[in-house]
Amino acid sequence: MSEYTAPLADMEFVLRHISGLDHVSKLNGFQHADPDTAVGVLAEAGRFFSEVIAPTNRVGDRVGSILNEDGSVTTPDGFREAYQKFVDAGWPGVHLPEMAGGGGFPYAVGIALQEMFTSANLAFSLAPLLTQGAIDALIEHGSTEQQATYLEKLATGQWTGTMCLTEPHAGSDLGTISTKAVEQEDGSYRITGQKIYITWGEHDLTENIVHLVLAKTPGAAPGTRGISMFIVPKFIPDTEGNPGERNDVRVVSIEHKMGINASPTCVLAFGDEGGAVGYLVGEEQRGMKYMFTMMNSARIGVAVEGLAIGEMAYQKAARYASERIQSKPLGGDAPAAIINHPDVRRMLLTMRANNEAMRAALYDTAARIDIENHGEDEDARARAGERVALMIPILKTWCTDLGVEMASLGVQVHGGMGYVEETGAAQFLRDARIAPIYEGTNGIQALDLVTRKVPLRDGQVVKEYLAEMSGIAADLRGIDGFARSADELDRAIESLAEASSHVGAKMASGEYADAVAGATPFTRMWGTAVGGAFLARAALATQALIEGGADEDTLRPKQSIARFYCEQILPTTNGLLGSILAPADPLFELSNEELTA
Ligand SMILES: Cc1cc2nc3c(=O)[nH]c(=O)nc-3n(C[C@H](O)[C@H](O)[C@H](O)COP(=O)(O)OP(=O)(O)OC[C@H]3O[C@@H](n4cnc5c(N)ncnc54)[C@H](O)[C@@H]3O)c2cc1C
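Residues numbered from 1 in each chain as written. Predicted model: local features only at pLDDT ≥ 70, side-chain atom pairs only at ≥ 80, totals over all residues. Heavy atoms only, no water.

Caption draft 1: Here's a closer look at the environment of Leu 268. Of note, Leu 268 is situated in strand 11 (residues 265-270). Given the relative accessible area of 1%, Leu 268 is considered buried. Separated by 304 residues in the primary sequence, Leu 268 and Thr 572 place their C-alpha atoms 44 Å from one another. Once residues lying within four places of it in the same chain are set aside, the contact partners of Leu 268 are Cys 164, Gly 193, Gln 194, Lys 195, Ile 198, Gly 201, His 211, Val 249, Arg 250, Val 251 and Val 252. (Helix = DSSP H or I, 4+ residues; strand = E, 2+ residues; numbered from the N terminus. Buried < 20%, exposed > 50% of the residue type's maximum accessible area, 1.4 Å probe, protein only. Contact = heavy atoms within 4.5 Å.)

Okay, structure coming up:
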């Protein structure tokens, strides 16, 4: 039996009843992607990722990708064959635009495929994820010639892409990068410098790799304003567009990590032999702006990692809990499977409810990205864009933190068998730990939420969302048995409103330390509350289906999960309020010497 079964029923439920796939598929360009076709594609994809990709996960962890003496990198057994099948089946481009050689499905559908690949093998899924970043950049900002040379090869998976941002002294603060780019007479540039931690920076899956590199030109403005973006192919395409001369970019080393071992995380040297050939994307000194245009899908892609690992952890834990016999339940007379013990049920329900909440929030945001990019109504596009902007730091932080916590709960359900490596539960925890770190650490995301997103349209974007959530709580009260859930949702919204207006006021009055001191609990509060609102919407949609004559037995679990979330998880939001409202001074009361003594 495969380690992974795609949660198709919940995916379909969310796409149809939360993300509004019916509406999205009518948007310009998506007409051929009607919901029934999309659901059929997902069923086929579920089989593929379960049967072809999931079996590579354990060997990928155990063996990892290996750097050879000649500077090449060998991926674990089975990866090359599985990748080729992925390409041959056309999976890389399903949701990419047709102009790039993709299938033209909405991102709302693409995100479900991304979840499947990531659940099946997180380390492996990073190769197409990073490639997607390069594709987005070229679609938005590449020249016609660059698009003709690179887009189709990337969209079909024939080549992969990387994002080369980080340097040893420049992580969260990319303004300090020192990689240089000097223009040549032929209009190309010579790139010199070192990048670290480059995901899938070298490998044996494809004939070429397209690096997108951030660098500074001579005399560029200081800080992030002076950054430019360059295409640096491993093999420079010849006049036919095929891989030609080897470029001056080499792997110095690959990192030994606590997880995602199959993903080669490379130190790359550009220009050891005089300068790597690079091609400017767009205009000089606009690289950071270009980065921002592709950050939405990149950050959602990393947020999906939290959900994908949470789903795997849950599936494994649920199987184990049904089989492991241990202890008599209180009042029982014989040892039972541990799934019968209240604390184990609490762990399993926490995992399942958080996963369903994350899936709803992520897919809904993906659908709003579709509306932002393809909607015909200007106002609807603008509103969708604002909501997406607000949600990005919340999703990146909440989902990736939950991924770690759900993986940890998965270990706990297994007892000692979770801590030893043979069950695989420990791998999920090790793999999940990177997601709160890369693609902007969660601390940086929390800063983004407080300093840039809460103030959007003078705080109106937040106010409108809070009002929408209150409407959902009022509707929820109308379902029998949901009064307590509705109370909890109302209380969570009140806490969120108080916290948001506090943070907004501190920002407006320039008391920045007080505004950001509680940024991390503030972001968690948002995530947890938003999760409650989404599961309340799921309960309402389920109720409407039941009242319309749909099979109650199939739908009832969705309502139970929503109730569990509202009654057991939502109340944690209120406990965060104190630490958000507290002033910053205790953080600075100790001197650095005292703090490190
Ligand atoms: C496995 C792996 C894969 C990666 N893949 C890529 C890749 O493909 N391409 C790429 O370019 N990079 C990649 N990275 C790099 C990754 O994006 C960085 O590690 C990340 O941005 C953090 O930078 P840093 O490690 O220098 O940490 P630092 O920036 O030094 O941060 C350390 C800590 O300080 C906090 N901090 C820093 N500044 C602030 C602030 N202003 N306010 C509050 N807190 C702050 C951070 O939140 C963090 O907790 C990868 C890293 C790893 C480990």
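Caption draft 2: Representation of the side chain of Asp 514 in the model. By secondary structure assignment, the location of Asp 514 is in helix 17 (residues 512-517). Of the side chains bearing the opposite charge, Lys 506 lies closest to the buried Asp 514, which forms no salt bridge; the N-O distance is 4.0 Å. A distance of 2.7 Å separates a polar atom in the side chain of Asp 514 from the backbone nitrogen of Ala 584. What Asp 514 contacts, discounting residues up to four positions off in sequence, is His 502, Lys 506, Pro 583 and Ala 584. (Lys, Arg positive; Asp, Glu negative; His and termini not counted. Salt bridge = Lys/Arg side-chain N within 4 Å of Asp/Glu carboxyl O. Polar contact = N/O pair within 3.5 Å; in protein donor to acceptor, adjacent residues only side chain to side chain.)

Caption draft 3: Quick look at the site of the ligand. Near the ligand lie 19 residues; those nearest to it are Thr 166, Ser 172, Tyr 197, Thr 199 and Thr 441. One nitrogen or oxygen atom from the main chain of Leu 165 is found 2.8 Å from an oxygen atom belonging to the ligand. Between the ligand and Thr 441 there is a distance of 2.6 Å, counted from an oxygen atom to a side-chain nitrogen or oxygen. Its free accessible area being 970 Å², the ligand has 61% of it covered by the protein chains. If you list the elements that add at least two residues to the shell around the ligand, you get strand 3 (160-164), strand 5 (189-199) and helix 14 (442-453). Counting residues per element, the shell around the ligand draws most heavily on strand 5, at 3 residues. Tallied by class, the residues present in the shell around the ligand amount to 11 nonpolar, 6 polar and 2 charged. (Near = heavy atom within 4 Å. Areas by Shrake-Rupley, 256 points an atom, 1.4 Å probe, with all protein chains shown as cover. Nonpolar A, V, L, I, M, F, W, Y, C, P; charged D, E, K, R; others polar.)

Caption draft 4: Structural detail: the pairing of strand 4 (residues 180-183). Both strand 4 and strand 5 contribute to a ladder of 4 bridges, which runs antiparallel. Opposite Val 182, over in strand 5, you have Arg 190 as the bridge partner. (Pairing = 2+ DSSP bridges.)

Caption draft 5: Spotlight on the packing of aromatic side chains. Applying the stated criterion across every chain yields a total of 14 aromatic pairs. Ring geometry for Phe 117 and Phe 124: centres 5.5 Å apart, planes at 75°, overall edge-to-face. Per residue, the accessibility class of Phe 117 equals that of Phe 124, and both read buried. Counting every residue linked through ring pairs, the aromatic cluster contains Phe 48, Phe 49, Phe 79, Tyr 83, Phe 86, Trp 91, Phe 117, Phe 124 and Trp 200. The ring of Tyr 465 is capped by Arg 387, whose NZ or CZ atom sits 3.7 Å from the centre of that ring. Across the ring face of Phe 292, the terminal group of Arg 452 is positioned such that the distance to the ring centre comes to 5.5 Å. (Phe/Tyr/Trp six-rings, centres within 6.5 Å; stacked < 30°, edge-to-face > 60°. Lys NZ or Arg CZ within 6 Å of the ring centre and 35° of its normal.)

Caption draft 6: Looking closely at the packing of helix 10 (residues 342-374) against helix 19 (residues 552-569). Relative orientation of the contacting elements helix 10 and helix 19 amounts to 100°, with a least axis distance of 9 Å. Relative to helix 19, the element helix 10 lies roughly perpendicular. On the side of helix 10, the interface is formed by Arg 346, Leu 349, Thr 350, Arg 352, Ala 353, Asn 354, Glu 356 and Ala 357, while helix 19 contributes Pro 557, Lys 558, Ile 561, Phe 564, Tyr 565 and Ile 569. Looking at the contact of helix 10 with helix 19 residue by residue, the class counts come to 8 nonpolar, 2 polar and 4 charged. (Axes fitted to C-alpha atoms, helices over the stretch in contact; angles between N-to-C directions. Parallel < 35°, antiparallel > 145°, perpendicular 65-115°, else oblique.)

Caption draft 7: Quick look at the nonpolar core. Counting 169 residues, the largest nonpolar core has Phe 49, Leu 362 and Trp 526 as the members making the most contacts within it. Sorting elements by how many residues they give to this core places helix 9 (residues 287-323) first, with 18 residues. With near-sequence residues (within four places) excluded, Phe 49 lies in contact with Ala 54, Phe 86, Leu 113, Met 116, Phe 117 and Ala 120. (Core = buried A, V, L, I, M, F, W, Y, C linked by side-chain atoms within 4.5 Å.)

Caption draft 8: View of the pairing of strand 5. What sits between the antiparallel neighbours strand 4 and strand 5 is a turn of 5 residues, in which Gly 187 has the positive phi angle 95°. Bridge analysis of strand 5 against strand 11 gives 5 bridges, and the strand direction is antiparallel. When the bridges of strand 11 are listed, Gly 193 appears paired with Phe 270.

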